[in-house]
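Fold and geometry: a report
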Amino acid sequence: MDEVAALELRSVDLQSSRNNKEHHTQEMGLKRLIVRRGQLFTLQLHFNRPFQFQTDHITFVAETGPAPMELLGTRAIFSLTQARPGNVWSASDFTIDSDSLFVSLFTPANAVIGSYTLKIEMSQGQGHSSTHPLGTFILLFNPWSAEDDVHLPSEALLREYILMDYGFVYKGHKRFITAWPWNYGQFEEDIIDICFEILNKSLYFLQNPSKDCSQRNDVVYVCRVVSAMINSNDDRGVLQGNWGEDYSMGVSPLEWNGSVAILRQWSARGGQPVKYGQCWVFAAVMCTVMRCLGVPTRVVSNFRSAHNADGNLTIDTYYNRNAEMLPNQKQDKIWNFHVWNECWMIRKDLPPGYNGWQVLDPTPQQTSSGLFCCGPASVKAIKEGEVQLAYDTPFVYAEVNADEVIWLFGDGQAQEILAHNTSSIGNEISTKMVGSDQRQNITSSYKYPEGSPEERSVFMKASQKMLGPGRASSPFLDLLGSGDFQDQPAQLQLHLARMPEWGRDLLLKLHARRVADRAHPRAPIRLEVRFCAQALLHKGGAREPLWRQTVRLNLDFGQEIEWPLLLPFNNYGNKLTEEKLIRVSGIAKVKETGRSMLVLKDISLEPPHLSIKASERAEVGKALGVHITLTNNLTVALSNCVMVLEGSGLIDGQISNELGTLLPGHTLQIQLDLYPIKAGPRQLQVLISSNEVKEIKGYQDIFVAAAGAS
């Protein structure tokens, strides 16, 4: 009987194109193998002769990390079998075609994610064995697999929260919410490598690389590492925060269009933090990284978001007699809005019932286990006040539920309570609607309706857990209990008399009405109302006053008065922050009682609007005409205008043009051709910034047909 020739490996086909399509990673490219755990992928091995299962022994070795070990889950050794043995590394379902062997490899749904090398060991009987490299592959989380902790059982949600590479971040003020287009770009070819570079520069990896890699099977662990690495407070993270107003050493947070430029700059400069980020930039970049790694993720905005540093569920705000909002001496603040992420996962580390969306916040506000990161905190736990559950749930609970107490401050101390607001914090919690450009209000997933018995009951439960059963004493509890500050002899409201536009004088009306009170049920009263306008800062607080006025009113019982107020453009034109928000405050002193009342109005000034029109038909590789129009409807010129275009699948990187000065009343028209790179739904983002207005943004959704499609 002739001796069978030793089996020799001639070539390997990782079948990247086919496998990547089956694993929903084809957008990352088809040249290298990128697969998801808990799902089969197929290889073709070409030998010098037909493979014989009975006598030819094949063992596969898959390794990841710097020191792979089976014990740590970073090395797997598995032999060819006829049937798949369950949720373990395996090679099975093979077919023999002449000198080729087609074999299906399976990675368990709890495997470590990362970049793997794959080798094969071959032997015949007891004879000589040889080892050959087969290549490398990247393994990601798999939300399509029912066995994976990130499983999301809805194709529509998977399209939105994994496959969609653009979206919106919601900014502004609870009454003037702006949709800000953002290019996530998680499928740009180098982004997956940068995501693992981020993991490999974390403090956990630098301290113990083998242990860190072994924990990358756990989505909770990976999320916490990424949350810490998006900011640079402890490490060589991606972004450096800047909440001042001097961005001359970098890029203003308002001038980013997407995540790709930020991640590429960070990587190209060897892990030097990119300047600068604020909350929406941190969250949008984290969304890119998590979607790229395979974790369903969305960006969430919370309007009037509390930063409750001392954990007492109360934020104190102070005004003086001149209606000027004073700087807060404590770290506590109320952001106009704050942006974080939600990631979808099973929480095996928590009691049953807390799976699903989890809050992760990469903005550096407070430390968690010694590092500036936050979460994952179960959204369900936040709603139910289960603040004892990991991670950082008390901090997030306070962000959406803290009470606001507004004080009149004078002679070095708080003198009286002007307002106690139980519902002013945590408003209009928003995210992009699935399959739509509309905004979705998700406040009800964070809390029961304000003022409802359920909401107050949860608040008391959370308070007792955070402050102890005695409900820590506070200087204003007696005042709150008496309710005296609510018994006022007049109702005051501020209204806009016309739509506010940046560049024009602002017209307001004070509406005052005399009502019955305990002290002077029906007597006339005299009011002195001091008004003050200040530019609001995004991080809470305000700039120096830019306008003041005093009004004196006499009110008979039942009488109503409207008083006009004029805030000239000259007063605010060069005094606002880049977000163009003004707070007009009024404090009315009642002459008869000496008591004070507060009236507030926040005003958002809209920037000019961009118009973007694209040709009716877009096709990969063919010219796509784009027409951009901007009319300066302000009373001042826009100087040093710069336009930046971005859009994954439409543009490789960015297109930037200097446009010069746009005079008042003039229109800028730009015509250009783009050559789309990828088929499918795409979004073109356009930003025009100037010295006067930093954020004139627009977008256009474009569906790109495949090349040659009729």
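Presented here is an overview of the structure given in this document. Here the residue numbers are simple positions, counted from 1 along each chain's written sequence. Reporting in this predicted model follows two pLDDT cut-offs: at least 70 for local features of residues, and 80 or more for side-chain atom pairs to be given and counted; totals over whole chains, interfaces and linings ignore these cut-offs and use all residues. Excluding hydrogens and water, the side-chain figures rest on all heavy atoms present in the structure.

On to the packing of aromatic side chains. In this description, a pair of aromatic rings is defined by centroid distance and the angle of the planes. Centres within 6.5 Å make a pair out of two Phe, Tyr or Trp rings, where for Trp the six-membered ring is used; the pair is then stacked when the planes are under 30 degrees apart, edge-to-face when over 60, and tilted otherwise. According to the stated counting rule, one finds 22 aromatic pairs in the structure shown. Taken together, a centroid distance of 6.4 Å and an interplanar angle of 50° make the contact between Trp180 and Trp280 tilted. A residue pair is termed long-range when its members are at least 10 positions apart, and Trp180 in strand 11 (residues 176-183) and Trp280 in helix 8 (residues 279-293) qualify at 100 residues. Seen from their ring centres, Trp243 and Trp335 are 6.2 Å apart, and the 70° between their planes marks the pair as edge-to-face. Taken as a pair, Trp243 in the loop between strand 12 (239-241) and helix 7 (260-268) and Trp335 in strand 16 (residues 333-345) lie far apart in primary sequence, 92 residues in all. Overall, the relative accessible area of 5% leaves Trp335 in the buried class. As a reminder, the over-ring test applies to NZ of lysine and CZ of arginine, requiring each to be within 6 Å of the ring centre and within 35 degrees of the ring normal. Positioned over the ring face of Trp280 is Lys171, at 3.9 Å from the centre of the ring. Helix numbers and strand numbers start at the N terminus; a helix is a DSSP run of H or I with at least 4 residues, a strand a run of E with at least 2. Burial classes follow relative accessibility: with a 1.4 Å probe on protein chains only, a residue under 20% of its type's maximum area counts as buried, one over 50% as exposed, and anything between as partly exposed.

We treat two strands as partners when DSSP finds at least two bridges between them. Taken in spatial order, the four strands make up an open sheet running 1-3-7-6, and their pairing is antiparallel. Every other strand in the sheet has two partners, leaving strand 1 (9-13) and strand 6 (90-97) as the edge strands with one partner each. Within this sheet the neighbouring strands show an average axis-to-axis angle of 25°, counted without direction. Sheet topology note: the strand 1/strand 3 (residues 40-47) ladder contains four bridges and is antiparallel. Note on strand 3: the bridge partner recorded for Val12 is Leu45. Helix axes are fitted to C-alpha atoms over the stretch in contact, other axes to C-alpha atoms as well, and angles between N-to-C directions run from 0 to 180 degrees.

All right, on to the pairing of strand 3 then. Summarising the sheet, strand 3 and strand 7 (residues 100-106) pair through seven bridges and their orientation is antiparallel. Of the residues in strand 7, the one forming a bridge with Gln44 is Phe102.

So, about the pattern of salt bridges. Throughout this description, the term salt bridge denotes a Lys or Arg side-chain nitrogen within 4 Å of a carboxyl oxygen of Asp or Glu. Under the defined criterion, the tally for this structure stands at 40 salt bridges. Between Glu455 and Arg456 there is a salt bridge, and its shortest N-O distance comes to 3.1 Å. Its relative accessible area of 3% is what places Glu455 among the buried residues. Each of the salt bridges in this network shares a partner with another, and the network as a whole consists of Glu27, Asp165, Lys678 and Arg682.

The next point concerns the environment of Asn183. Here Asn183 lies in strand 11. Through-space distance from the C-alpha of Asn183 to that of Thr363 is 19 Å; in sequence the pair is 180 residues apart. Whether two residues are in contact is decided by their heavy atoms, any of which lying within 4.5 Å being enough. Filtering out sequence-adjacent residues up to four positions away, Asn183 remains in contact with Asp165, Asn257, Gly258, Ser259, Val260, Glu646, Gly647, Ser648 and Gln685.

Before going further, it helps to examine helix 12 (residues 453-467). What a helix is expected to span follows from its residue count: subtract one and scale by 1.5 Å. Look at helix 12: 21 Å from first C-alpha to last across 15 residues, which is about the 21 Å you get at 1.5 Å a residue. When we look at burial in helix 12, the residues that qualify are Glu455, Val458, Phe459, Ala462 and Ser463. Taken down its axis, helix 12 places every buried residue within 140° of arc, on the same side. Where the residues of helix 12 are buried, they touch helix 9 (379-384), helix 10 (393-401) and strand 21 (403-410). By construction, the arc corresponds to the directions joining the helix axis to the C-beta atoms.

Attention shifts here to the sheet that holds strand 26 (residues 506-514). Ordered in space as 25-26-29, the three strands form an open sheet in which the pairing is antiparallel. Of all strands in the sheet, those bounded by a partner on one side alone are strand 25 (490-496) and strand 29 (560-567). The sheet shows a mean angle of 20° between the axes of neighbouring strands, taken without regard to direction.

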